[in-house]
Every structure is written in C-alpha cells, then in structure tokens.
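The primary structure of each chain is shown beneath.
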Amino acid sequence: MDRARVRAHWLATRVVVRGDGFRPEAPERARTRVAVGSRDSGTLAHTRYKRNKRLAVLEAKIRKAVLLSLIVIAGLVLFRMFAESDRPHSPKVFDPPAKTLWKPVGARAAGIHDHDVIPEPESFSAIHVDVANSDNVWVAAAPMFELDWVAEPSYFVGSGPTFDNEGNLYFSPFFYHGERVATVSLDAQTGERRWALPADSDRELSSPPFLLNDPDNPGQQIIYIASYTRAVALRPDGSVVWSTETGLSLPPLEPGKRPNTKVHSFNYHATTDSLVTVSEAGELFAFGRQTGELLAPIGQLPGAPAVSDTGRRIPGFVMDRVDTLMAEAFGKTEGGLSVFSYMLRFIFGGGGLVTNYFSVSPDSGRLYIAATAEDGEDGTEDGLSEMGAIYALDLVDDDGNGELDFRILHQATFQGGTGSAPALSADGRRVYVSDNIGNVIALDGELNEIWRVDVGQPLLASVSVAPENNELFAVTASDVFKLIDTGETGVIEWAGDLTGFDGYTNVDKQSNALTATVTANGVVIAIAGGKSFLGANLMLHVGMGLLDRETGKLRYFAEGREDSLAISVVTGDGSIYVAHSPLRRAVGKAMYPELTPEITGGIARYRPVRLDLLARDAICAAEARAANAITLDQGTHMAAISTDIRQTKVLLKQAGNAIAKAIGDGDLTVEDGAELGDLLERGSVHLTPASLPKAVPDLAAACSMLD
C-alpha cells in the first residue's frame with residue numbers, strides 16, 4: 001500500500017459540506033427606496049403601508065417555500081437512506097463469456113535472467129507480482145468466479161497477499177483487534193490458518209511477505225519479511241531460516257502521532273544475491289539472501305520529509321462517524337488514533353520520504369525508488385518537500401574491497417509528486433510512473449523522459465505493464481485506461497466498461513476501485529458502486545471484474561464483500577484474492593448506514609466456476625502465443641521466443657488442472673477431457689524453439705474444441 005495511491009483514493013471520495021443562506025430583502029431597506037413625490041403625507045404613508053404589507057407577504061411565502069424545499073430534500077434523503085434499502089436489486093446478468101479476440105502480436109519484451117531464484121510470474125510472489133513491479137501474471141484468470149470466503153476478518157490488510165508454489169497464502173496485517181502477529185499464513189483453498197509469526201512488539205509493523213525460489217532445494221521457496229528492527233527468512237511451514245537485527249531502534253512513542261518506521265516489502269538484487277528494502281524514512285537496507293547478513297551500511301535517500309496535511313478540510317462529523325466505525329472494527333493504534341485518523345496522516349504526508357514500493361531490474365540490478373525530492377527543489381528551503389522524485393540506484397563495490405554501498409546514479413523530479421511505485425518493462429528498458437496530476441510518464445533507464453500522456457484525472461497507483469503489444473494499464477478513481485507505448489509517445493486506446501452494478505437500486509455511480517492486474521485472458525479490476533455526492537462515489541458495494549484486453553468490455557463480474565487499498569491478486573488456479581482495507585467504504589457506511597453491510601477486514605477469495613471455460617481460455621492463450629512465436633526471427637528474438645515457450649508451458653499446466661476439475665464438476669465430459677489431454681500432451685512435446693511449429697496444430701485443435 002502506498003500513500004500517493006491511497007491519497008488519490010481519499011481525494012476521490014472526500015466529503016465537502018457547504019451551506020449557502022438566503023435572506024429576502026428587509027422591509028426597512030425597502031422603505032428607503034420609496035420615492036417622495038408631490039403626494040401628501042397620508043398618501044405616502046398608505047403607499048408605504050401597502051408596499052410593506054406586500055413585502056411581508058412575499059417574505060412569508062419565500063420562507064414557506066424554502067422550508068417546504070428543505071422538508072422535501074430531507075424526505076428524499078431519508079427515503080433513499082432507509083426506504084430504498086428495502087427495494088430489491090435487479091442485477092445485471094452476466095452470461096458465460098465468449099472467447100476473447102485479443103492476441104499477442106510481434107516480439108514481446110523479455111529479460112535475459114533465469115528463474116533459479118526469481119519465480120516465474122504464475123502468481124504474486126511480490127506485492128506487484130514480481131521484482132519489476134509489473135502487475136502482470138502469465139496465467140489466465142477465471143472467466144467466471146464467485147465470492148468464496150473471507151478469512152481473518154479482524155485484520156485491516158493494506159498490502160498483499162502473496163503466494164508460494166505450494167498453494168499457501170501469506171499476509172501481514174496493518175491494524176487489528178486482539179492477537180498481535182507479524183505475518184499470517186493461510187491455506188489458499190480453504191482460508192484456514194496454517195500458522196502465524198508473533199510480532200516482536202505491539203508497535204512494530206512487518207512488511208508484506210516476499211518470496212523467492214531456493215536454488216539449493218529445487219522446487220522449494222523461502223518467505224522473507226522485514227520490520228524496522230529485524231529481517232526474517234521463513235520456510236513455508238513457518239520455521240525460521242535466519243533472523244537478523246537491523247541495529248535500529250524504534251523511536252519513543254508520541255501520543256497522537258505516527259512514526260515513520262514502516263519498512264516496505266523486500267525486493268531481490270540479483271547481481272549481489274541480496275534482499276533490498278527501504279523504510280518510509282528513506283533508510284536503505286541490503287541483506288544476504290542465504291545468510292541474512294547485512295551486506296552494506298544502512299543508506300539514506302536525500303529527499304526531505306513530505307509536507308504533512310492531516311486532512312483538516314474533512315468535516316468533523318465525518319471524522320467522528322468514521323473513527324467510531326473503524327475503532328469498533330480494528331481498535332486504535334498505540335498512539336491513540338483510530339485507523340481512519342492514522343491513515344489520513346499517512347495519506348496526507350506525515351513527514352515520510354518513501355511511501356511506495358520500488359522496482360529492481362532483474363537483468364541490470366538497477367533499483368528504482370519513488371520518494372520525495374530534496375529540500376529546496378520546491379523553491380523553498382524549509383526542511384520539507386512538496387515535490388516527488390524518482391531515484392535510480394545500484395548496490396556496488398566502489399572501492400573494490402568487497403564492501404557494498406548504495407549509490408544514486410540518476411534522479412528525476414515531478415511537480416505534484418509521483419503517484420505510483422515505478423514499474424518496469426520486462427526487459428528493464430522502460431520505467432513507467434504516474435504523477436498526482438494525471439500523467440502517465442515513460443522514462444528510459446537513466447530517467448530521461450520519453451513521453452507523457454494526460455488521462456484527464458489524477459492517477460491512483462502503479463502502471464500495470466504487459467510484456468506484449470506495448471500495452472499499459474493505468475487507473476484513476478473513476479476509470480481504467482489502456483495505453484499503447486508506440487515508442488515515441490503514448491496513446492490511450494480505451495477506457496474500461498465499469499458496469500458491474502447495473503440494476504442495483506442504491507447505486508447511482510460506478511467507478512474503478514483497485515490497481516489493474518494483467519492476465520493472459522484479460523484485465524482483472526475492481527468496481528465500486530455507490531452514491532454520487534459532489535461528483536465523488538460514496539462506496540457502498542464492491543466487486544471484481546474481468547475486462548477484455550482488446551475492447552475494454554466487461555467479460556464477467558461478481559459482487560464481493562469489502563473495499564481494498566491493495567491489489568487485484570490472481571493465482572495459478574485462476575482464483576482472485578483481495579486484501580480488505582475498508583477506508584472508502586467506511587465513509588459510505590458512515591453516511592448511508594442502512595444501505596451497506598458492516599465493515600470488515602481480512603482476506604477474500606473469489607473461486608473459479610465453470611472450469612471448462614478456464615481451461616478454454618488458458619489453452620487458447622497458449623495457442624495464440626505459440627502461433628505468434630513461430631513468426632519471429634530466432635536470430636533476433638530468441639529471448640522473446642524462449643519466454644513465450646515458458647509461458648505456454650505454464651498455461652498448459654493450468655489448463656490440465658482445470659480440465660481435471662471441470663470433469664469432476666460435471667462441466668466437461670470424461671471423453672472430451674481425455675481428447676483434450678491427448679492434444680495438449682502431443683503439443684507439449686514440441687515446445688522447443690526448433691519444433692514449436694509442430695505444436696501449434698494440436699493446440700489450435702484443443703482451442704477449437706471448447707467453442
């Protein structure tokens with residue numbers, strides 16, 4: 001969870017109250033406007049009397065009309081808040097979605113790194129899928145899905161969850177009632193708790209879990225988490241591999257304030273085989289992946305603390321209502337703040353330097369971190385920063401003596417700050433950020449600007465970067481946009497179809513609610529439905545949808561349970577997971593208490609249904625990828641071809657699992673399942689650069705079987 005994104009979310013739902021009075025002209029003033037002519041004083045007095053009487057009658061009528069209008073408005077509000085809740089919804093019905101027409105064209109962007117340590121992007125091993133912050137997975141999302149369960153509802157979860165290759169889920173809570181934990185592991189299918197790592201203290205937050213492969217034990221993975229005072233490596237069963245103290249201590253607690261001791265999730269620096277991270281205060285850390293040893297002195301980014309604005313423009317009655325709701329659900333912080341007040345300090349500055357996750361190029365090892373600019377860049381030397389910056393760094397041995405240090409190589413500043421964590425193209429040649437004004441910005445690896453596109457609205461979060469067709473996906477509080485990077489400029493191709501709550505009686509505004517996740521068969525998004533208030537959406541409902549990558553049309557949608565400030569997570573079996581962090585819906589609940597359920601925390605799973613359709617989308621995506629790859633020149637595009645083959649294997653594994661479940665569910669006959677299995681097996685034999693053309697006919701036949 002990053003501050004800039006959440007701030008944009010809040011600004012989009014901010015409640016502003018205004019009042020304009022009306023006072024009719026006073027009779028005393030009217031009297032001064034009576035002209036004195038040649039008439040006698042009696043006639044003049046009579047004229048004044050008649051005028052004053054008319055004015056008094058007019059004033060009474062105006063007062064009556066104003067009072068009647070207020071009664072009508074109040075009645076309408078009460079009707080919509082209470083009576084309307086009894087009216088039945090007539091939700092839009094989504095039929096089983098047809099095949100998508102989207103296909104990859106030309107050579108994809110591809111890195112040259114191996115996957116001995118860095119996992120293939122079958123799921124979210126990091127909070128934005130991978131080390132490059134791409135929000136792109138290789139698998140297909142379920143074309144049809146439904147809310148399955150909500151687990152651990154006492155926790156406010158602002159980031160994650162992440163997943164290992166055994167089907168286990170991990171998350172670190174942000175706020176909670178009762179049990180204090182650093183990290184929780186769940187069974188991803190059932191939501192049952194597997195284990196919890198106790199917190200070192202009641203004051204310390206842990207980073208979202210980050211996962212890497214264990215090359216010393218092929219097929220196994222290790223989970224890494226960090227806090228301000230400690231870094232820990234765990235195996236999937238919860239056992240500790242190593243635990244290292246950072247040498248830092250928590251500052252004294254100041255009531256009513258929040259310390260800047262939050263540490264962001266780990267990332268992987270392949271060239272030094274180290275785990276790197278950064279604190280909200282701009283401190284830089286590097287730990288050896290195998291031992292946990294601190295490999296470099298703790299570094300420091302040069303930015304100045306962000307200007308703090310605690311949201312004083314928010315009406316007090318809104319603060320009081322939402323604070324009460326959040327305190328009942330999640331308790332208060334050690335400093336005595338409710339979650340809502342705490343988050344406002346986070347959203348509106350709070351004196352931090354780094355409030356976003358960061359990226360690492362897996363090929364070059366270059367780090368890209370969004371932070372504040374140095375003091376004075378905003379034109380005022382006051383120890384604070386009103387501007388954002390992005391820094392390109394590396395972890396290097398400058399002296400040649402084996403000691404590593406963080407070194408800043410390049411930097412760029414942004415008016416209004418950067419509104420996202422930097423996201424990289426798969427080959428690391430492009431860096432994409434969004435600013436708080438409304439621009440998607442493309443930079444080269446040395447942070448020289450190539451182009452920017454104004455989408456017309458403040459952007460909320462990281463840009464999602466697909467490796468194919470130069471596609472990018474950016475989100476605002478209202479919309480999801482697809483852009484194309486043409487090389488010299490960016491072009492907006494479509495705005496998404498956000499109509500999931502059509503037919504709901506208490507929804508008059510629908511909008512985007514989360515970062516978009518790119519999949520092999522579409523774009524997974526969240527849609528909020530609620531009341532329009534001064535142009536904002538007071539969120540009452542939320543659900544997940546799948547957009548077509550070619551057209552932006554909504555292929556499928558299912559209502560969920562709770563708002564989130566995290567990400568749209570997709571896993572290898574096509575499931576969708578959401579971390580519950582109800583900030584915006586808490587405002588909707590406070591303003592319309594009868595129209596929306598109680599707020600809740602935890603993790604939600606949307607389970608796939610109609611697994612035959614998931615098998616279809618995975619097989620057809622694999623066929624389209626292989627058919628495109630055989631058109632590429634192997635001398636020029638071998639990295640792209642090899643990566644296409646790797647992804648094709650992932651998709652066929654997903655399809656095979658879906659076929660078995662579809663047969664068990666009765667959505668696919670045993671005979672058709674066997675025929676599909678034979679076709680996929682024959683095609684899989686030829687998944688090499690030399691024989692790939694022989695695989696395409698069998699994959700095409702399997703795809704056509706599932707029309």
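Preceding this section is the structure that the text describes.
K.L.:
Help me understand the overall build of the chain, please; the structure alone is not making it clear to me.
P.N.:
In terms of helices and strands, the chain carries 10 helices and 35 strands. Relative to its 707 residues, the chain shows a buried fraction of 58%. Carbon and sulfur atoms provide 51% of the accessible area of the chain, an area that totals close to 27,700 Å².

K.L.:
How should I be thinking about helix α4 (residues 316-330) in this particular structure?
P.N.:
With 15 residues, α4 extends 21 Å between its outermost C-alpha atoms, agreeing within 8% with the 21 Å of an ideal straight helix rising 1.5 Å per residue. Looking only at α4, the buried set comprises Val318, Met319, Val322, Asp323, Leu325, Met326, Ala329 and Phe330. Down the axis of α4, the buried set is contained in an arc of 165 degrees. They therefore lie on one face. What points out from α4, more than 90 degrees from its buried face, is the exposed set Asp320 and Glu328.

K.L.:
Sorry if this is basic, but what is going on with the packing of helix α8 (residues 638-665) against helix α9 (residues 670-684) here?
P.N.:
How two helices pack is summed up by the angle between their axes together with the distance between the axes. At a minimum axis separation of 10 Å, α8 and α9 run at an interaxial angle of 170 degrees. With respect to their mutual orientation, α8 and α9 come out roughly antiparallel. For α8 against α9, the interelement crossing comes out left-handed. Contacts between α8 and α9 pair Leu652, Ala655, Ile659 and Ile663 from the former with Val670, Gly673, Leu676, Leu680 and Ser684 from the latter. The residue makeup of the contact of α8 with α9, split by class, is 7 nonpolar, 2 polar and no charged.

K.L.:
Where do I start with a negative patch on the surface in this structure?
P.N.:
Together, Glu671, Asp672, Glu675, Asp678 and Glu681 make up a region of like negative charge exposed at the surface. Considering the arrangement of structural elements, one finds glutamate 671 in helix α9. Given a relative accessible area of 58%, glutamate 671 falls into the exposed group.

K.L.:
Is there a simple way to think about empty space enclosed by the protein in this case?
P.N.:
Rolled over the atoms, a probe sized like a water molecule indicates the empty space that remains. Going through the model one piece at a time under the given rule, you end up with 6 cavities of 30 Å³ or more. If you add up the space inside the largest cavity, you get close to 320 Å³. Considering the residues around the largest cavity, the lining is formed by 23 residues, among which Arg203, Leu205, Thr333, Glu334 and Tyr342 are closest to the centre. Put simply, the parts of the chain that give the lining of the largest cavity at least two residues each are β5 (175-176) and α5 (339-347). Class assignment for the residues of the lining of the largest cavity results in 10 nonpolar, 4 polar and 9 charged. As a volume, the second largest cavity reaches approximately 100 Å³. Residue lining of the second largest cavity: 12 residues in total, with Ser172, Phe174, Ser206, Pro208 and Lys262 positioned closest to the centre. Looking at the lining of the second largest cavity residue by residue, the classes come out as 6 nonpolar, 5 polar and 1 charged.

K.L.:
Any chance you could explain the environment of glycine 158 here in plain terms?
P.N.:
Position of glycine 158 among the secondary structure elements: in the loop between β2 (155-156) and β3 (162-163). Between the C-alpha atom of glycine 158 and that of proline 582, which follows or precedes it by 424 residues, the distance is 9.1 Å.

K.L.:
Is there a simple way to think about the sheet that holds strand β26 (residues 480-485) in this case?
P.N.:
Each strand in a sheet pairs with its neighbour through backbone hydrogen bonds, running either in the same direction (parallel) or in the opposite one (antiparallel). Pairing is antiparallel in the open sheet, where 4 strands are placed in the order β24-β25-β26-β27. Each having just a single partner strand, β24 (464-465) and β27 (490-495) make up the two edges of the open sheet. The pairing of strand β25 (residues 471-475) with β26 spans 5 bridges and is antiparallel. Looking across to β26, one finds that phenylalanine 473 is bridged to lysine 482.

K.L.:
Sorry if this is basic, but what is going on with the sheet that holds strand β7 (residues 193-198) here?
P.N.:
The 4 strands are arranged β3-β4-β6-β7 in an open sheet whose pairing can be described as antiparallel. Each of the sheet's edge strands pairs with one partner strand only, and the pair in question is β3 and β7. Relative to β7, strand β6 (residues 181-187) runs antiparallel, the two being bridged by 5 bridges. Bridge pairing links valine 181 to proline 198 in β7.

K.L.:
So what exactly am I meant to see when it comes to the nonpolar core here?
P.N.:
A general feature of soluble globular proteins is that nonpolar side chains tend to end up buried together. Ranked by size, the top nonpolar core spans 109 residues in total, and within it Phe145, Phe210, Tyr224, Leu301 and Ile603 carry the most contacts. For this core, the leading source of residues is strand β30 (residues 522-533), giving 6 residues. Leaving out residues up to four positions away in the same chain, isoleucine 603 has contacts with Trp149, Val150, Ala151, Val157, Pro161, Leu169, Phe171, Leu186, Tyr577, Val578 and Ala579. Formed by 34 residues, the second largest nonpolar core is a distinct cluster that contains Leu611, Leu652, Ile659 and Leu676.

K.L.:
How should I be thinking about the side chain of threonine 517 in this particular structure?
P.N.:
Following the sequence through the fold, threonine 517 ends up in strand β29 (residues 517-519). In terms of polar contacts, threonine 517 uses its side chain to reach the backbone carbonyl oxygen of serine 568, at 2.4 Å. Setting aside anything within four residues of it in sequence, one finds threonine 517 in contact with Phe124, Asp135, Val137, Gly522, Val523, Val524, Ser568 and Val570.

K.L.:
For this particular structure, what's the right way to read helix α10 (residues 692-705)?
P.N.:
Quick reminder: α-helices carry 3.6 residues per turn. Residues three or four places apart thus point the same way. Look at α10: 21 Å from first C-alpha to last across 14 residues, which is about the 20 Å you get at 1.5 Å a residue. Along its buried surface, α10 packs onto α7 (611-629), α8 and α9.

K.L.:
How do you make sense of the state of the cysteines when you look at a structure like this?
P.N.:
Here a disulfide denotes one covalent bond, and it connects the sulfur atoms of two cysteines. Evaluation of the coordinates by the stated rule reveals 1 disulfide. A sulfur-sulfur separation of 2.0 Å characterises the disulfide bridge that pairs cysteine 620 with cysteine 703. Residues cysteine 620 and cysteine 703 share a disulfide whose torsion about the S-S bond is about 100 degrees; that sign makes it right-handed. Here the residue cysteine 620 occupies a position in helix α7, and cysteine 703 occupies one in helix α10, the gap between them amounting to 83 residues.

K.L.:
Help me out: how do you make sense of the pattern of salt bridges in this one?
P.N.:
Pairing of side chains with opposite charge becomes possible as their charged atoms draw close. For the structure on display, the rule yields 31 salt bridges. For aspartate 485, the salt bridge goes to arginine 430, with nearest N and O atoms at 2.6 Å. With aspartate 485 in strand β26 and arginine 430 in strand β21 (residues 430-434), this residue pair connects regions lying 55 residues apart in the sequence. Between lysine 482 and glutamate 471 there is a salt bridge; the shortest N-O distance is 3.2 Å. Pair noted here: lysine 482 is in strand β26 and glutamate 471 is in strand β25, with a separation of 11 residues, a long-range link. Look at lysine 482 and you get buried, because its relative accessible area is 1%. Exposure remark for glutamate 471: the relative accessible area of 2% places this residue in the buried category.

K.L.:
Would you mind showing me how to read the pairing of β26 here?
P.N.:
Looking down a regular strand, the side chains alternate between one sheet face and the other. Of all the 6 residues making up β26, 6 are buried; the element is thus mostly covered by neighbouring parts of the structure. Side-chain alternation along β26 places Val480, Lys482 and Ile484 on one buried face and Phe481, Leu483 and Asp485 on a second face that is also buried. Taken together, β25 and the strand that follows it, β26, pair antiparallel across an intervening segment of 4 residues. Both β26 and β27 contribute to a ladder of 5 bridges, which runs antiparallel.

K.L.:
Help me understand the packing of α4 against helix α6 (residues 584-591), please; the structure alone is not making it clear to me.
P.N.:
Where α4 contacts α6, the axes come no closer than 9 Å and their chain directions differ by 110 degrees. In terms of their interaxial angle, α4 and α6 are classed as roughly perpendicular. Between α4 and α6, the residues in contact are Phe317, Val318, Arg321, Val322, Leu325 and Met326 and Ala586, Val587, Lys589, Ala590 and Met591, respectively. A class-by-class count of the residues in the contact of α4 with α6 yields 9 nonpolar, no polar and 2 charged.

K.L.:
Honestly, the side chain of threonine 277 in this entry has me stumped. Any pointers?
P.N.:
Relative to the helices and strands, threonine 277 resides in strand β13 (residues 274-278). Residue classification places threonine 277 among the buried positions, given a relative accessible area of 3%. Reaching out from threonine 277, the side chain makes a polar contact with the backbone oxygen of histidine 264 at a distance of 2.5 Å. A polar contact of 3.5 Å, which involves the side chain of threonine 277, links it to the backbone oxygen of serine 265.

Rules of the game
Residues numbered from 1 in each chain as written. Predicted model: local features only at pLDDT ≥ 70, side-chain atom pairs only at ≥ 80, totals over all residues. Heavy atoms only, no water. Helix = DSSP H or I, 4+ residues; strand = E, 2+ residues; numbered from the N terminus. Buried < 20%, exposed > 50% of the residue type's maximum accessible area, 1.4 Å probe, protein only. Areas by Shrake-Rupley, 256 points an atom, 1.4 Å probe, with all protein chains shown as cover. Expected span 1.5 Å × (residues − 1). Arc of directions from axis to C-beta. Axes fitted to C-alpha atoms, helices over the stretch in contact; angles between N-to-C directions. Parallel < 35°, antiparallel > 145°, perpendicular 65-115°, else oblique. Left-handed = near helix turned anticlockwise from the far one by under 90°. Contact = heavy atoms within 4.5 Å. Nonpolar A, V, L, I, M, F, W, Y, C, P; charged D, E, K, R; others polar. Patch = residues over 30% accessible without salt bridge, like charges linked within 9 Å, V, L, I, M, F, W, Y side chains within 5 Å. Salt bridge = Lys/Arg side-chain N within 4 Å of Asp/Glu carboxyl O. Lys, Arg positive; Asp, Glu negative; His and termini not counted. Charge placed at Lys NZ, Arg CZ, Asp CG, Glu CD. 1 Å grid on protein atoms, 1.4 Å probe; cavity = no way out; pocket = protein on both sides within 12 Å on 5 of 7 lines; lining within 4 Å. Points joined across faces, edges and corners; volume = space filled by probe spheres on them. Pairing = 2+ DSSP bridges. Core = buried A, V, L, I, M, F, W, Y, C linked by side-chain atoms within 4.5 Å. Polar contact = N/O pair within 3.5 Å; in protein donor to acceptor, adjacent residues only side chain to side chain. Disulfide = S-S within 2.5 Å.

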